[in-house]
Amino acid sequence: MLKKKPIVFLDTETTGLDENYHEIISVCIISNDTGQIWTYKAKPDHPSHIDPTAILINGYNKTDWIDAMSQSQLACILGQLLQGKIIVGHNPKFDISFVKNLLWKNQINTWIDFRGIDTTTLAFVHLAPYGLNKLSLDSIRKFLGWKVHLHHEAMQDTIDCKNLYLLLTNPWKRTLLKCKLAIRNLNPWKK
């Protein structure tokens, strides 16, 4: 039954944008049921493939990844943790494509649904009418008055994705938020 499927929140940091060429270097998964958090770092198998732009975004450096696990170890863990789960993420299609590719490369036979619950869609539906004009997680953080971080980190992005999902899917929280946003939009002294 669909409503009984467990939900997990997921974010990955990668060495670039091409799931066939780049690799996952960190991942965070949070169980919606238990609140348990799993975070992992993995060394890239192909360091020469690292996109310099990705490093600027996620802060990767060899020193901080010296004790990280291998890509094959990460594949085994993700195969176990994600089996049969509904994945919620901020543009989860990106993360899911990297996870599926990692599993395929390492011959891990785990079925992962390519569909996920996307918090960018929720933000478009519930926040754009109140003035949100970009759907990046950092733009949403700024819009909601949340802290914006220097680098993207899988754990913090997963926590914020979970908080955004819970805020926008809970009718009471969503109503309170919409009231605050409406008042903010009516305030002539707002910045």
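Our subject is the structure that appears above.
Reading the values: rules and limits
Residues numbered from 1 in each chain as written. Predicted model: local features only at pLDDT ≥ 70, side-chain atom pairs only at ≥ 80, totals over all residues. Heavy atoms only, no water. Helix = DSSP H or I, 4+ residues; strand = E, 2+ residues; numbered from the N terminus. Buried < 20%, exposed > 50% of the residue type's maximum accessible area, 1.4 Å probe, protein only. Contact = heavy atoms within 4.5 Å. Areas by Shrake-Rupley, 256 points an atom, 1.4 Å probe, with all protein chains shown as cover. Lys, Arg positive; Asp, Glu negative; His and termini not counted. Charge placed at Lys NZ, Arg CZ, Asp CG, Glu CD. Core = buried A, V, L, I, M, F, W, Y, C linked by side-chain atoms within 4.5 Å. Salt bridge = Lys/Arg side-chain N within 4 Å of Asp/Glu carboxyl O. Pairing = 2+ DSSP bridges.

Asker: I'm lost on the overall build of the chain in this one. Help?
Answerer: Helix and strand content of the chain: 7 helices and 5 strands. Ordered by position from the N terminus, the helices and strands of the chain form the series β-β-β-α-α-β-α-β-α-α-α-α. Along the longest, intermediate and shortest principal axes, the C-alpha atoms of the chain span 55 × 45 × 25 Å. Taking all 191 residues of the chain together, 41% fall into the buried category. If you take every contact in the chain between residues at least 6 apart in sequence, the share linking residues at least 24 apart comes to 63%. Accessible area for the chain stands at about 11200 Å²; split by element, carbon and sulfur atoms hold 57% of it. In the chain, 23 side chains carry a positive charge and 17 a negative one; their mean positions are 11 Å apart.

Asker: Even after reading the chapter, I still don't get the nonpolar core, so can you show me in this structure?
Answerer: One broad trend across soluble globular proteins is that nonpolar side chains are buried collectively. Grouped together as the largest cluster of nonpolar side chains are 21 residues, with contacts concentrated most on Leu127, Ile140, Leu144, Leu168 and Leu177. Looking at this core, the elements that each hand over two or more residues are β1 (7-14), β2 (24-31), β4 (86-89), α4 (119-126), α5 (137-144), α6 (154-169) and α7 (171-186). Once residues within four sequence positions are removed from consideration, Leu144 is found in contact with Leu127, Leu164, Leu167 and Leu177. Core analysis: the next-biggest nonpolar cluster, separate from the first, contains 20 residues, Val8, Leu78, Leu102 and Ile112 among them.

Asker: Before we go on, may I ask you to explain unusual backbone geometry in this structure?
Answerer: Outside of glycine, negative phi angles account for most residues, and trans bonds account for most peptide bonds. Phi is positive for Asn91, close to 65°, though the residue is something other than glycine. On the secondary structure map, Asn91 appears in the loop between β4 and α3 (92-105). Even without being glycine, Gln107 reaches a positive phi, approximately 55°. Mapped onto the fold, Gln107 is located in the loop between α3 and β5 (117-118). Accessibility expressed as a relative area gives 74% for Gln107, which makes it exposed.

Asker: Just to check I follow, could you spell out the environment of Asp45 for this structure?
Answerer: Here Asp45 is to be found in the loop between β3 (37-41) and α1 (52-58). Separated by 32 residues in the primary sequence, Asp45 and Glu13 have C-alpha atoms spaced 15 Å apart. Those residues in contact with Asp45 that lie beyond four places of it in its chain are Glu23 and Gln71.

Asker: What is the right way to look at the pattern of salt bridges in this model?
Answerer: Where charged atoms of side chains with opposite charge meet at close range, the side chains can pair. Tallying each qualifying case throughout the model produces 4 salt bridges. Close ionic contact of Arg115 with Asp113 constitutes a salt bridge, the shortest N to O distance being 2.9 Å. A salt bridge links Arg141 to Asp157, with the shortest nitrogen-to-oxygen separation between them at 2.6 Å. Taken together, the residues Arg141 in helix α5 and Asp157 in helix α6 connect sequence positions 16 residues apart. What you see here is one network of salt bridges that share partners, running through Asp138, Arg141, Asp157 and Asp160.

Asker: What exactly am I supposed to notice about the pairing of β4 here?
Answerer: Side-chain positions along a regular strand alternate between the two faces of the sheet. Side-chain alternation along β4 places Ile86 and Val88 on one buried face and Ile87 and Gly89 on a second face that is also buried. Bridging between β1 and β4 involves 3 bridges; their strand directions are parallel. Considered in β4, the bridge of Phe9 is made with Val88.

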